[in-house]
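# A look at the structure
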Amino acid sequence: GSHNPLRLAAARSGREVLVGDTADALAEAVRQKRLHVECRILQQLPDSALEIRLAGSDNTVAVIAHHIASAAGRLAARAAEASLPAEFAVPRVSAEWAAIAESCAVADAELRKLAQLPDAQVTLNRDGQKSKRARSTILAQAVHHANEHRAQVAAALSAAGITALDLDELDL
């Protein structure tokens, strides 16, 4: 009846973990998350493009893209129950995206590796507060968070006449 065959109750916490087709779909979504490629595109833009603002927001392309990149590393570390990576500054010139692209490639690879593991509960420590989450929840957040903000970056650039960040092309 009401049992979802794609979910399995986690033995200790009562929370659900992903199995079967749903886990495969998440792994594919993580595989397609290639933030390092987007950083390489930002690296090729004129420096002035980094200062373009999203309509109705105080945030620039550089600030939004930096937020995506730094969050990717933090989410990968949390899903792996590892130490958080060092923070990096918001780039002021496009060439600075090269180093961030390398960090994103590491985070992307770690997220892909974690997506291949069986789902499990991981312990998070945020500001001294411990909680448990399914690894799949953190991986899904990494994908959805990046998608939300990369759409903002693409929209801001497109509104300014810059079409270098074609999200449809990146997803294929």
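Below you will find a few notes about this structure.

Criteria and cut-off values
- Residues numbered from 1 in each chain as written.
- Predicted model: local features only at pLDDT ≥ 70, side-chain atom pairs only at ≥ 80, totals over all residues.
- Heavy atoms only, no water.
- Axes fitted to C-alpha atoms, helices over the stretch in contact; angles between N-to-C directions.
- Helix = DSSP H or I, 4+ residues; strand = E, 2+ residues; numbered from the N terminus.
- Left-handed = near helix turned anticlockwise from the far one by under 90°.
- Contact = heavy atoms within 4.5 Å.
- Nonpolar A, V, L, I, M, F, W, Y, C, P; charged D, E, K, R; others polar.
- Expected span 1.5 Å × (residues − 1).
- Salt bridge = Lys/Arg side-chain N within 4 Å of Asp/Glu carboxyl O.

## Some details on the packing of helix α4 (residues 97–115) against helix α5 (residues 135–159)
- Relative to each other, α4 and α5 sit at 140°, their axes nearing to 10 Å. In this structure, α4 crosses over α5, and the sense of that crossing is left-handed. Two secondary-structure elements touch here, α4 through L111, L114 and A115 and α5 through R135, L139 and A142.
- Looking at the contact of α4 with α5 residue by residue, the classes come out as 5 nonpolar, no polar and 1 charged.

## Concerning α5
- Helix length check: α5 (25 residues) gives 36 Å between terminal C-alpha atoms against 36 Å at 1.5 Å per residue, within 8%.
- Just downstream of α5, G161 is the residue with a positive phi angle, here 85°.

## Structural notes on the pattern of salt bridges
- Evaluated as defined, the whole model comprises 2 salt bridges.
- For the salt bridge of E87 with R74, the shortest nitrogen-to-oxygen distance reads 3.3 Å. Separated by 13 residues along the polypeptide, E87 in the loop between α3 (61–80) and α4 and R74 in helix α3 bring together distant segments of the chain.
- Two residues, E110 and K113, come together in a salt bridge whose shortest N-O distance is 3.2 Å. With E110 and K113 both in helix α4 and 3 residues apart, the pair spans about one turn of that helix.

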